Amino acid sequence: MSEPPVICHLTSVHSPHDVRITVKECTSLRKKGYGVHLVHLGSPVEPINGICLHAAGPLEESRLQRMFFGVWRVFSVAVRLKAQIYHFHDPELLFVGLFLKLLGKKVVYDVHEDVPRQTLSKHWIDQRLRRLMSKTIEIIEAVAGRCFDAVVVATPYIGERFAAINRNTFVINNFPINGELAGDASLDGERRREVCYVGGISVDRGIKEMVSAAEKAQVKLILAGEFSNAAERAEVESMPGWKDVEALGFVGRQQVREILTQSIAGLVVLRPIVNYFVSQPIKMFEYMAAGIPVIASDFPLWKEIVEGHECGICVDPLDGGAVAAAIEWILDNPTEARLMGERGRRAVLDVYNWEREEEKLYSLYEGLSGKATV
């Protein structure tokens, strides 16, 4: 039996500790016996779970510098590794993927977000240029996507677009690893008067409404994540409700578990922006996995998940009062809140878990392995 091919994952944006890339995909492939490398920007990092990590230089603060110099350094390191299969995770690496195809390599494009729709809400892009840039990105993805050996997408909605481009499209949802964040159910009665939010923090992701709701409901809001920019952080820190906030910055997975274990509910009240409507935020499923109720935006897809499994409350994300009312309901109804948490945990165990998704990843690589070139 021939040796499994060497796989090289590439990112010019994400951390080498990224949960989807490293903790899930790379770790699953390493567990299956593949030789796995990850090329990233930033400081050198020791191997994780048997994955060889390669720092391709610093992560530039300027987006333009990263998209030119950073991308080139990632490509240079990747080529030297002489892997048989390359799996890249950022749209700015599309041309790197095409060059690798010209070198005779098998290439997989992993699409985490609906980038064309996401571009329409990027505040750092001049509003007059957003629609043009969105269309340009969509065209580039469509043309390049046809050239790759496979496309991996993080949600069914993105999958519909790429399935029409590349017949070898795999929907591999970014669901939690079973057991990773599950708290001790016996501690439910000891949870603190706290709610939490885990992930990137911004106005579009509902930070103002969350701070306002925490003040009205008289609970502490625990934030585990980084602000998108300093100006938004300064604006939010000036709000009266900031006194009820504990901002921890980026935290490791063990601390995320501890935060979820002590919280009465998890918040995911993203504002109604086009690319959020059909997204599947991992934080929502992580709250469910931890066995705590979810307070989520009332988008149709999210209502189908949260209300369909009776594991939380959906609210108007623009109404801080509605978010506060949901928190107060959970405080006033601890028995039903505990049942909500149990139903969410069961839904993750049965449906929304990484163990089901990694089987699709294995299927993809089994198909590529027999055709990989050296």
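Residues numbered from 1 in each chain as written. Predicted model: local features only at pLDDT ≥ 70, side-chain atom pairs only at ≥ 80, totals over all residues. Heavy atoms only, no water.

*Asks:* Which parts of the structure should I look at to understand the pairing of strand S5 (residues 106-111)?
*Replies:* For a regular strand, side-chain orientation follows a simple rule: the groups alternate between the two sheet faces. Most of S5 is tucked away, with six of its six residues classed as buried. Side chains Lys106, Val108 and Asp110 project from S5 onto one buried face, and the interleaved Val107, Tyr109 and Val111 project onto a second face that is buried too. As judged from the four bridges shared by S5 and strand S6 (residues 150-153), these two strands associate in the parallel manner. Looking at S6, one finds that Val111 is bridged to Val153. (Buried < 20%, exposed > 50% of the residue type's maximum accessible area, 1.4 Å probe, protein only. Helix = DSSP H or I, 4+ residues; strand = E, 2+ residues; numbered from the N terminus. Pairing = 2+ DSSP bridges.)

*Asks:* Would you explain a nonpolar patch on the surface in this entry?
*Replies:* Judged by side-chain polarity, Leu64, Met67, Phe68 and Phe69 come together as a nonpolar surface patch covering roughly 480 Å² of accessible area. Checked against the element boundaries, Met67 lands in helix H2 (residues 63-81). (Patch = residues over 30% accessible without salt bridge, like charges linked within 9 Å, V, L, I, M, F, W, Y side chains within 5 Å. Areas by Shrake-Rupley, 256 points an atom, 1.4 Å probe, with all protein chains shown as cover. Salt bridge = Lys/Arg side-chain N within 4 Å of Asp/Glu carboxyl O.)

*Asks:* Would you explain the sheet that holds strand S8 (residues 194-198) in this entry?
*Replies:* Read from one edge to the other, the open sheet built from six strands follows the order S10-S9-S8-S11-S12-S13, with strand pairing classed as parallel. Here the strands that pair on one side only, and so sit at the sheet edges, are strand S10 (245-247) and strand S13 (312-315). On average, adjacent strands in this sheet sit at an angle of 25° to one another, irrespective of strand direction. The sheet contact formed by strand S9 (residues 220-224) and S10 spans three bridges and is parallel. Within S10, the residue paired with Leu223 across the bridge is Ala247. Of the strands in this sheet, S8, strand S11 (265-268), strand S12 (294-297) and S13 touch helix H12 (residues 320-332), which is tilted by about 165° from S13. (Axes fitted to C-alpha atoms, helices over the stretch in contact; angles between N-to-C directions. Contact = heavy atoms within 4.5 Å.)

*Asks:* It is not clear to me how helix H7 (residues 207-217) should be interpreted in this structure. Could you clarify?
*Replies:* Owing to its 3.6 residues per turn, the α-helix brings residues three or four apart onto one side. The element H7 is extensively covered by neighbouring structure, given that eight of its 11 residues are classed as buried. Ile207, Glu209, Met210, Val211, Ser212, Ala213, Ala214 and Ala217 are the residues of H7 that are buried. Looking at the buried residues of H7, the elements they touch are S8, S9, helix H8 (230-237), S10, S11 and H12. Of the residues trailing H7, Gln218 is marked for its positive phi of about 55°.

*Asks:* In this structure, what is going on with the pairing of S6? I would like to understand it.
*Replies:* On S6, burial covers both faces: Ala150 and Val152 on one face and Val151 and Val153 on the other are all buried. Of the pairings in the sheet, the one linking S6 to strand S7 (residues 169-171) comprises three bridges and is parallel in character. In the strand pairing of S7, Val153 is matched with Val171. One crossover worth recording links S6 to the parallel S7 by way of helix H6 (residues 156-163), and it is right-handed. (Right-handed = clockwise from strand over helix to strand, strands pointing away.)

*Asks:* Would you mind showing me how to read unusual backbone geometry here?
*Replies:* The phi angle of most residues is negative, glycine excepted, and most peptide bonds adopt the trans form. Although it is not a glycine, Asn49 adopts a positive phi angle of roughly 50°. Note that Asn49 resides in the loop between strand S2 (35-40) and strand S3 (52-55). Backbone geometry at Glu310 places phi at a positive 50°, although glycine is not the residue there. Along the chain, Glu310 falls in the loop between helix H11 (300-306) and S13.

*Asks:* Could you clarify how one ought to interpret the sheet that holds S2 in this entry?
*Replies:* The strands that make up a sheet pair up through hydrogen bonds in the backbone, lying either parallel or antiparallel. Reading across from one edge, S3-S2-S1-S4-S5-S6-S7 is the order of the seven strands in this open sheet, with parallel pairing throughout. Two strands bound the open sheet, and with one partner strand each, they are S3 and S7. Between one strand and the next, the sheet's axes are offset by a mean angle of 20°, whatever the strand orientation. Of the pairings in the sheet, the one linking strand S4 (residues 85-88) to S5 comprises four bridges and is parallel in character. Within the sheet, the bridge partner assigned to Phe88 lies in S5 and is Tyr109.

*Asks:* Before we go on, may I ask you to explain the environment of Leu29 in this structure?
*Replies:* Checked against the element boundaries, Leu29 lands in helix H1 (residues 19-31). Taking relative accessible area as the criterion, Leu29 reaches 0% and is therefore assigned buried. Between the C-alpha atom of Leu29 and that of Ile7, which follows or precedes it by 22 residues, the distance is 8.7 Å. Beyond its immediate stretch of four places on either side in the chain, Leu29 contacts Ile7, His9, Tyr34, Val36, Leu361, Tyr362 and Tyr365.

*Asks:* So what exactly am I meant to see when it comes to helix H10 (residues 282-290) here?
*Replies:* Of all nine residues in H10, eight are buried, a share of seventy percent or more. With its phi angle positive at about 80°, Gly291 sits one or two positions after the end of H10.

*Asks:* For this particular structure, what's the right way to read the environment of Leu94?
*Replies:* Mapped onto the fold, Leu94 is located in helix H3 (residues 94-102). Leu94 sits 65 residues away from Gly159 along the chain, and the two C-alpha atoms are 18 Å apart. Excluding anything up to four places from it in sequence, Leu94 contacts Phe88, Tyr109, Ile140, Glu141, Ala144 and Phe148.

Any functional reading would require information that these geometric values do not contain.
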